[in-house]
Amino acid sequence: MKYFAKSFIFLSFLSSILCCAISRESGVKMPSEIEPADTIRYVDNGNIFEYRMVEEIDLGENIRKVWFGKDGEYPRLVLYKGEVEKSDLISFHTADFNKINEIESGQLRPSPNAEYTGMIKAIKSFDTQELIKKKFVLLDRNGNEIWEKEYPIVFEGGGTSYYVSDKGVVAEKSDKILTFYDSKGTKVRGVELLRGGFEKGINSGYFSEDGNYFVINVQDPEKEIFSSGTGVILFNNRGEELWRFKTEEESAGALYISSEGKYIIAASYNLGYDEQGIYRSLERTTYLLDRTGNLIRKYSRLSSSPGNFSSSGNYAIVCDAPSHKAYLLDTKTGDRLFKFSLLGTRWRVNNACIAEAAKLIGITYDNKVELIQFNGVKAWSHEVSNPKYLWVSDDGSKIAVRSENKILRFEKVK
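Rules used throughout
- Residues numbered from 1 in each chain as written.
- Predicted model: local features only at pLDDT ≥ 70, side-chain atom pairs only at ≥ 80, totals over all residues.
- Heavy atoms only, no water.
- Core = buried A, V, L, I, M, F, W, Y, C linked by side-chain atoms within 4.5 Å.
- Buried < 20%, exposed > 50% of the residue type's maximum accessible area, 1.4 Å probe, protein only.
- Helix = DSSP H or I, 4+ residues; strand = E, 2+ residues; numbered from the N terminus.
- Pairing = 2+ DSSP bridges.
- Axes fitted to C-alpha atoms, helices over the stretch in contact; angles between N-to-C directions.
- Salt bridge = Lys/Arg side-chain N within 4 Å of Asp/Glu carboxyl O.
- pLDDT = per-residue confidence, 0-100.
- Contact = heavy atoms within 4.5 Å.

The biggest cluster of nonpolar side chains holds 17 residues, and the ones touching the most others in it are Leu 178, Phe 180, Leu 193, Phe 214, Ile 216, Ile 233 and Phe 235. Put simply, the parts of the chain that give this core at least two residues each are β14 (177–181), β16 (201–207), β17 (213–219) and β18 (230–236). The next biggest cluster of nonpolar side chains, apart from the first, holds 16 residues, and it includes Ala 326, Leu 342, Tyr 365 and Phe 374.

Read from one edge to the other, the open sheet built from four strands follows the order β28-β29-β30-β31, with strand pairing classed as antiparallel. Each edge of the sheet is formed by a strand with only one pairing partner; in this case those strands are β28 (351–355) and β31 (378–383). With strand direction ignored, the average angle separating the axes of adjacent strands in the sheet is 15°.

Now for the sheet that holds strand β11 (residues 145–152). Strand order in the open sheet made by the four strands is β8-β9-β10-β11, with antiparallel pairing throughout. The sheet is open, and its two edges are formed by β8 (107–110) and β11, each paired on a single side. Pairwise comparison of adjacent strand axes, ignoring direction, gives a mean angle of 20° for this sheet. Two elements, strand β10 (residues 131–139) and β11, share seven bridges in a ladder whose sense is antiparallel. Each bridged residue has a counterpart across the sheet, and for Val 137 the counterpart in β11 is Glu 148.

Under the counting rule described, the total for this entry stands at 24 salt bridges. Put simply, Arg 189 and Glu 240 hold a salt bridge, and the shortest N to O gap is 3.7 Å. One end of the pair, Arg 189, is in strand β15 (residues 187–192); the other, Glu 240, is in the loop between β18 and β19 (241–246), with 51 residues separating them in the sequence.

Once that is clear, we can look at the confidence of the model for the chain. Looking at the chain as a whole, its pLDDT mean stands at 86, while 88% of the residues score no less than 70. The least confident element of the chain, judged by mean pLDDT, is strand β1 (residues 23–24) at 32; the most confident is strand β6 (residues 89–93) at 97. Residue range residues 1–37 is modelled with pLDDT below 50. Its contacts to residues more than four positions away, or to other chains, number 110 contacts.

This paragraph deals with the side chain of Thr 286. By secondary structure assignment, the location of Thr 286 is in strand β22 (residues 279–290). Owing to a relative accessible area of 1%, Thr 286 belongs among the buried residues under this scheme. Setting aside anything within four residues of it in sequence, one finds Thr 286 in contact with Ile 265, Ala 266, Ala 267, Arg 297, Lys 298, Tyr 299, Leu 302, Ser 303 and Ser 304.

What follows is the structure, encoded as structure tokens:
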């Protein structure tokens, strides 16, 4: 019963409230936890800025998922549900949303800004139509194939996973080995870690937007490589390990790396159960690290999901779903600058971003898009049906929102 409950809670909470954390393998002195008081509180005096909608793009029906590019205004990839007994379709677009290509899709693994896309396709027996193996294909930004690799279907060890950078570097996790390939498919390095499995192995992995760093969090209940049972490892894009941290909690969760790899946010959690194996509590912790592996600040009662960095990495916004709160962090010091709270409501922050030059925070919750100044004063809000994506230009002059099957673009009125 306990293991069933743990599995259920893990799956249901992972996307919204669970996160990952770290402490140095060699042991470092932890900074004191941040005080519960906040420097600046949220103030709503109505809209200060004015924005007008300049474009509404209908993406069509049967949309499964949308990925945006570096500028964030328009989708670069749109995945459409296929017709009955037919494959899904993936369309590739230019930066200003002109369609370049459309192909049958497999499982997609785009790079952070969709400069490259990894695709996993099933290979079936011609005679029996049974699944016999799989194929990984690396595609360029126009959907053209660069290289491919066939591999056997392995269920033990957590199967095979792929991660792709905006430089076309690919990290492949298979069994115990994490293998790095360059953009032409040449093997660069293989790293032995630990065999994956249920609640074991690499929990998630992300390349920085500049493609120079790759960070993973690892769940290691048998303590093969982390004495605490969980940890975070940073690699460069050649697969060379730079450092590793161990966590204090049992399970790994959310993980973020800034665009140039200057900072990393990770979190971890413990699930509490009673004697009948029923979930009763969630203990969550977030850690802020710099590129060299130094711990800047540790935060208790913070799950950091969702979370995001500013363009320079000097600021981060992190959310805590259980408490319905979001925080703006100064990543250089770890200080918590501002708190936005939906406590007492049933709403939680769904999306969060930072327009650093404009000193604005962008968030979505309920059916609303809102901009808040760094001083805590609301700048603008707008009702939008089911906002699934939010982008704000760094100077705050442009906004893009995905609402249902549409992209809504706004521009600031001068």
